[in-house]
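Each chain, letter by letter, is given below.
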Amino acid sequence: MKKKLSRRSFIRGAGITIALPYLESLLPLSAKAYAQGINAPLRFIVLYKPNGEYPGSWDLSSSTLPYVLSPLQSLKSEITFVTGLRNRVSEPYADGHAPRLSCFLTEGPLTASTSQVSNSRSIDQIIASAKGVEALTLSGPYEYGTDNGFNGEYFSSLSWMGPRAAPKIKSPRILFDQLFSSGGSAPAPTALTKAYKKSVLDFAKDEAQRTISSLGKNDREKMDEYLTSLRELEVKINAHEGDVIQCQADTGRPADNNTFENHTKLMMDLLVRALQCGHTQIASYLLDVEVGNGYRRHHSVSHYTGDSSYPQQYMDVNRWYIGQFADFLNKMKAVKEGDGDLLSNSMIIYGNGIGNGDAHDTRNLGIIVAGKAQGQLTPGRILNKSGQPLSSLMLTSLQKMGVNRNSFGGSSNPITDL
Amino acid sequence: MRQIIKQFTHVVFQIGAVLLLIGCGGGFKSTKYQSMVINSTGDLEIPLGKTCETPSDVGRVTMHRLNRSEYNNTVRDLFGVTSRPADSFPEDGFAEDFNNNADVLFLNFPLLEKYFEAAEQVTLQAFQVNRSSIMTCSSTSDSCIKSILTPLALKVFRRPASGGEIDRLMGVVQEARSLGASLDKGIQQALQAMLVSPHFLFRRVIHPSPDQASVKVSLNQYELASRLSYFLWSSTPDTELLNLAAQNQLKNPSVLKAQVKRMLNSPKSQTLIDNFSSQWLQLAKLDQSHPDSNKFPQFTEALKHDMVTETKMFMKNIFDEDLSLNDLVMANYTFANQRLINHYGINDSSSVQNFKKVSTADTNRKGILGQASILTLTSHPKDASIVHRGKWVLKNLLCNLPPPPPANIPPADMTMTETERSQQRMSNPACVGCHAVIDPIGTGLQTLDAIGQWRDQDDSGKALDGLGSFPDGRQFRGPKELASVIASDPRFKTCMVKKMLTYALGRELKNYDQCTVNKIAATSVGSQVPVSGLIESIVNSPLFQEQRGDGGQP
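Residues numbered from 1 in each chain as written. Chains lettered and ligands numbered in written order. Predicted model: local features only at pLDDT ≥ 70, side-chain atom pairs only at ≥ 80, totals over all residues. Heavy atoms only, no water.

Peer 1: Sorry if this is basic, but what is going on with the packing of aromatic side chains here?
Peer 2: Here a ring pair, both rings aromatic, is described through the centre-centre distance and the interplanar angle of the planes. All names here are of chain A. Taken as a whole, this structure holds 28 aromatic pairs over all chains when the rule is applied. With centroids separated by 5.8 Å and ring planes inclined at 70°, the aromatic side chains of Y154 and F155 adopt a geometry described as edge-to-face. Overall, Y154 belongs to the buried group, its relative accessible area being 0%. Between W320 and Y321, the aromatic rings sit 5.0 Å apart at their centres with planes inclined by 75°, giving edge-to-face as the arrangement. (Phe/Tyr/Trp six-rings, centres within 6.5 Å; stacked < 30°, edge-to-face > 60°. Buried < 20%, exposed > 50% of the residue type's maximum accessible area, 1.4 Å probe, protein only.)

This is the structure in structure tokens:
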């Protein structure tokens, strides 16, 4: 049941997400104003880590956090552990990994084949639309090819425009360039340079428009993607210099090839900067694809029955991710915004759509909610929501972020004590 | 439920209609699945009510965006630009094993910006290398500008530009001139415009009724030249192909045959190894393989690199020497350097450091399933994987991949060996439906460990007999006998056709393609047929040379 793509969904799907500097620049506010606490926006961020958890490794019964979670010890007052949720939306769909991720933020229905995956819109995109802003979609560096007879997008997509996956930024360098065009140091293009570029663009646009009427349906969709992207480029070329947000990078332009560890750190640093500078308010970051071995041999050791050393290795990897998350929270906290900080003005979900990784279990998900969402959340607690659907958390998120929804993914019961 | 069915639709292409309703899951009796596998010719079905006497639907290929490899090769072959500008483009999507599937080659704003940057870069480099061949006259008269632009547009657009297109390109030159540009700069502007235009970035087939699925057309000469060159070279048609197209000669069977031969003899056909073969065999997965360094201290990055080199040289030899694709599984030779010779324990006294052809006749190995690359990428870090190897054979050599496992599988017992876990799957009614097909293939490869070295016993010290079987009762012992069983399996023939046809067309195969697949398999794959025979049959088939309208049908 392939949904016909509307014109609008093309525009949304074709990459505006990433064209932040000039679009967000239309917002009247700057990072400078946020720092003074004036109208600092409410942010929503999702960080997804693949391949599940080792059973029992999230034992929260003692006041000291268990090994896997120990990097968060000093941040306990900023976070709430939500345990026991069940990823029901993902259950009808084939494959142990892919739907757990694909349905983490969506409500289905989902269809997947070798050539295409269709899904409903994910909550980050729903929130972004409701706010009239664009969501930032970040990802780890690795691709996932066709497997098990499914398109790789199925294993690699957290954010969905509906029906297609949102385009992802998978390189810190590309993210840097989008946020701080030309590294913030290149001279503004002259009128003459713009005129030359415009002339080339006009030719391309004219040719595409002349061609499109002679194309069949699928080819028209391709040409539509092309034309939509051309129009975005046109906007960028025409943008006045003054529109560029004066929020510079605090690091140099990242290299093209990074280790997975460096990639993760750079993406997180740039994400904090993007939030701080008002480049984006809504973001998702897929730390690694499902079935990924981005950090060490994450997926291999998640099937921990393979060797007696795997349980420890599996926990080591998951602890490393928690450590990255802790660093991210500390960086968010360090950005002051009036009386609060970037973290207190945010709602952050960290988690995984798989419980026990070896069993590809949909139950007992390990989820952390961080931030105060401008006073709407009371962190510092442990909530056991055993058996309740993950969709309840997503519904809660929508409501906290100001989206008028009474149900999501089959749940009409928000988590009221978050 | 409807959604679920839809979600499983791909399964129809893989296993057959019965599974659509039953899956491999709970309570499913293996006998039914097995009989389907035995009777199947692979993952496509002949549509109900149709016979192979009347294959009428030639399908259609969506307008093809150049992928990264094609872009790099194209600007290299057009202008001698070897800087590989597309390496900095966002990665292309994969479907059906290959990253040249038109339906998933999307275009978005970041990519378009890269196209604009690359066009500028390519143009400047083209003028550095090739200025004299582009600037064939130096006056600013319309006739001079036109005489420069016309041959340039022919090369870039892979077809003659229309009068209107040339006029509009002249408009770009004139606009630049009015901004104070020199003639060179004006032509550079026009070349940049060509390089970001849809005529360069997309390959399309002109159709008189593009939304009429019932109307089919033959590709015109230039469209055929492009389809041919992007199949065999992942690049733009050269002057010879364009000249033949201009002379209306390309569809002459003897001319076409000669061109295929010429193209296969060109070094540019290396893309059949780097793109087609590597993607088909999933060699990139080896990058993500991390054999346990305590257990396998002999596994180094250098050895991993050798493994890839071996398989690529092996495939290249098949194409270069024009051998039968049966060699893929049946070859009694491989390519190895000293490190691999030691790795395999091959008896070879010549001690040469560089790669060379070596006989495997006296070893336990044969063909691709004896190669460490494939054996490693289908292994767990510490042990060979029965399931991954069974799946690899079913997917890549027999095109008969079972559906993925269901959710919430109970965790396996970690105290068991790989063989015992397999036996556990085989005794679980929820698993056996599929694993009765997958595991006995993988079991037959258990005498090769996680990095492809021979072993006679597993980690627990239990002797491995290498016995394996197929659901129809065919039994084999060890990788060599498995190779023979695969080579004689009718699915192997059709699978070779499917893989290459999918890549040649750059589209997913559909049920209506099965008749063509069968027909080509019957005549063009086998121990006596060289690989060029398969390529020729594909190039000559209506699927390659014709196209129907769209009409929203898949």
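Peer 1: What is the right way to read the interface of chain B and chain A from this model?
Peer 2: Interface size is commonly expressed as the accessible area that is lost once the parts come together. Counting residues at the interface gives 76 residues for chain B, matched by 83 residues for chain A. Between chain B and chain A, roughly 6,900 Å² of surface is buried when both sides are summed, and carbon and sulfur atoms account for 57% of that area. Taken together, chain B and chain A are joined by 6 salt bridges. R168(B) serves as the salt-bridge partner of E207(A), at 2.5 Å between the closest nitrogen and oxygen. Put simply, chain B and chain A have 19 residue pairs in polar contact (both at pLDDT 80 or more) between them. Mapped onto the side of chain B that touches chain A, the elements with two or more residues apiece are α1 (2-7), α2 (9-14), α6 (109-134), α8 (163-178), α9 (183-196) and α10 (198-201) of chain B. Looking at side-chain class alone, the side of chain B that touches chain A contains 36 nonpolar, 17 polar and 23 charged residues. (Contact = heavy atoms within 4.5 Å. Buried area = accessible area lost by both parts, 1.4 Å probe. Salt bridge = Lys/Arg side-chain N within 4 Å of Asp/Glu carboxyl O. Polar contact = N/O pair within 3.5 Å; in protein donor to acceptor, adjacent residues only side chain to side chain. Helix = DSSP H or I, 4+ residues; strand = E, 2+ residues; numbered from the N terminus. Nonpolar A, V, L, I, M, F, W, Y, C, P; charged D, E, K, R; others polar.)

Peer 1: What's the story with empty space enclosed by the protein in this structure? I'm lost.
Peer 2: The method is simple in principle: a probe with the dimensions of a water molecule rolls over the atoms, and the space it marks as empty is what remains. This model, assessed by the stated rule, comprises 6 cavities of 30 Å³ or more. What the second largest cavity holds in volume is close to 90 Å³. Across the lining of the second largest cavity, the residue classes tally to 4 nonpolar, 5 polar and 5 charged. (1 Å grid on protein atoms, 1.4 Å probe; cavity = no way out; pocket = protein on both sides within 12 Å on 5 of 7 lines; lining within 4 Å. Points joined across faces, edges and corners; volume = space filled by probe spheres on them.)

Peer 1: Teacher, can you tell me more about the packing of helix α7 (residues 172-179) of chain A against helix α10 (residues 260-276) of chain A here?
Peer 2: A pair of packed helices is captured by two measures, namely the crossing angle of their axes and the spacing between those axes. Residue and element names in this part refer to chain A. Where α7 meets α10, the axes come as close as 9 Å, and the angle between the chain directions of the two elements is 15°. By the angle between their axes, α7 is roughly parallel relative to α10. In the packing of α7 onto α10, the handedness of the crossing is left-handed. Touching P172, L175, F176 and L179 of α7 are H263, L266, M267, L270 and A274, all from α10. Looking at the contact of α7 with α10 residue by residue, the classes come out as 8 nonpolar, 1 polar and no charged. (Axes fitted to C-alpha atoms, helices over the stretch in contact; angles between N-to-C directions. Parallel < 35°, antiparallel > 145°, perpendicular 65-115°, else oblique. Left-handed = near helix turned anticlockwise from the far one by under 90°.)

Peer 1: How do you make sense of the sheet that holds strand β11 (residues 382-384) of chain A when you look at a structure like this?
Peer 2: Strand pairing in a sheet is mediated by backbone hydrogen bonds. Such pairs are either parallel or antiparallel. All names here are of chain A. Pairing within the open sheet is mixed, and its 7 strands lie in the order β5-β6-β1-β9-β10-β2-β11. Edge positions in the sheet fall to β5 (136-139) and β11, since each of these pairs with one other strand and no more. Averaged over all adjacent pairs, the angle separating strand axes in this sheet is 15°, with direction ignored. Here β5 pairs with strand β6 (residues 282-286) via 4 bridges, running parallel. (Pairing = 2+ DSSP bridges.)

Peer 1: What exactly am I supposed to notice about the confidence of the model for chain A here?
Peer 2: A low pLDDT score tells you not to read the predicted coordinates there in detail. Model confidence for chain A is summarised by a mean pLDDT of 84, while 85% of its residues fall at 70 or above. Low confidence marks residues 1-30 of chain A, where pLDDT is under 50. Its contacts with residues over four positions away, or in another chain, come to 83 contacts. (pLDDT = per-residue confidence, 0-100.)

Peer 1: I keep staring at the nonpolar core and nothing clicks. Help me out?
Peer 2: Across soluble globular proteins, nonpolar side chains have a tendency to be buried as a group. All names here are of chain B. Among the nonpolar cores identified, the biggest contains 96 residues, and F231, L232, I486 and I535 are the most heavily contacted of them. Ignoring anything within four residues of it in the chain, the contact list for F231 reads L272, M500, Y503, A504, I535, I538, V539 and F544. Counting 61 residues, the second largest nonpolar core, distinct from the first, contains V81, I134, L152 and A193. (Core = buried A, V, L, I, M, F, W, Y, C linked by side-chain atoms within 4.5 Å.)

Peer 1: Is there a simple way to think about the state of the cysteines in this case?
Peer 2: What makes a disulfide is a covalent bond joining the sulfur atoms belonging to two cysteines. All names here are of chain B. Tallied over the entire structure, the rule returns 2 disulfides over all chains. One disulfide in the model links C137 with C144; its S-S distance is 1.9 Å. Because the torsion about its S-S bond is 110°, the bridge between C137 and C144 counts as right-handed. The class of C137 is partly exposed, set by a relative accessible area of 22%. On the basis of relative accessibility, which here comes to 6%, the residue C144 falls in the buried class. Covalent S-S linkage joins C399 and C495, the inter-sulfur distance amounting to 2.1 Å. Because the torsion about its S-S bond is 75°, the bridge between C399 and C495 counts as right-handed. Here C399, found in the loop between α19 (386-397) and α20 (418-427), pairs with C495, found in helix α23 (residues 490-505); they are 96 residues apart in sequence, far enough to count as distant. Here C431 is not disulfide-linked; the sulfur of C434 is the nearest cysteine sulfur, at 9.1 Å. (Disulfide = S-S within 2.5 Å.)

Peer 1: How should I be thinking about unusual backbone geometry in this particular structure?
Peer 2: Note: most peptide bonds trans; most residues except glycine with negative phi. Omega for the bond connecting G108(A) with P109(A) falls within 30 degrees of zero, at 0°, which places this linkage in the cis form. Inspection of the secondary structure puts P109(A) in the loop between α4 (98-102) and β3 (111-112). With an omega of -5°, the peptide bond running from G162(A) to P163(A) counts as cis. Positive phi, close to 70°, is recorded for N51(A), a residue that is not glycine. With respect to the helices and strands, N51(A) occurs in the loop between β1 (43-48) and β2 (79-85). Taking the relative accessible area as the measure of exposure, N51(A) reaches 0% and is therefore buried. In this model, D322(B) sits at a positive phi of 55°, which is unusual for a non-glycine residue. Secondary-structure assignment places D322(B) in the loop between α15 (301-320) and α16 (327-330). With relative accessibility at 29%, the residue D322(B) sits in the partly exposed group.

Peer 1: Is there a simple way to think about the pairing of strand β10 (residues 365-370) of chain A in this case?
Peer 2: Residues and elements named next belong to chain A. Of all 6 residues in β10, 6 are buried; the element is thus mostly enclosed. In β10, alternate side chains face the same way, and those of L365, I367 and V369 on one face and G366, I368 and A370 on the other are all buried. Pairing geometry for β2 and β10, over 6 bridges, is antiparallel. Pairing of V82 across the sheet is with I367, part of β10. Summarising the sheet, strand β9 (residues 346-351) and β10 pair through 4 bridges and their orientation is antiparallel.

Peer 1: What is the right way to look at the side chain of N317(B) in this model?
Peer 2: Topologically, N317(B) is positioned in helix α15. Not counting residues up to four positions away in its chain, the partners in contact with N317(B) are D322(B), L323(B), Y333(B), F335(B) and K357(B).

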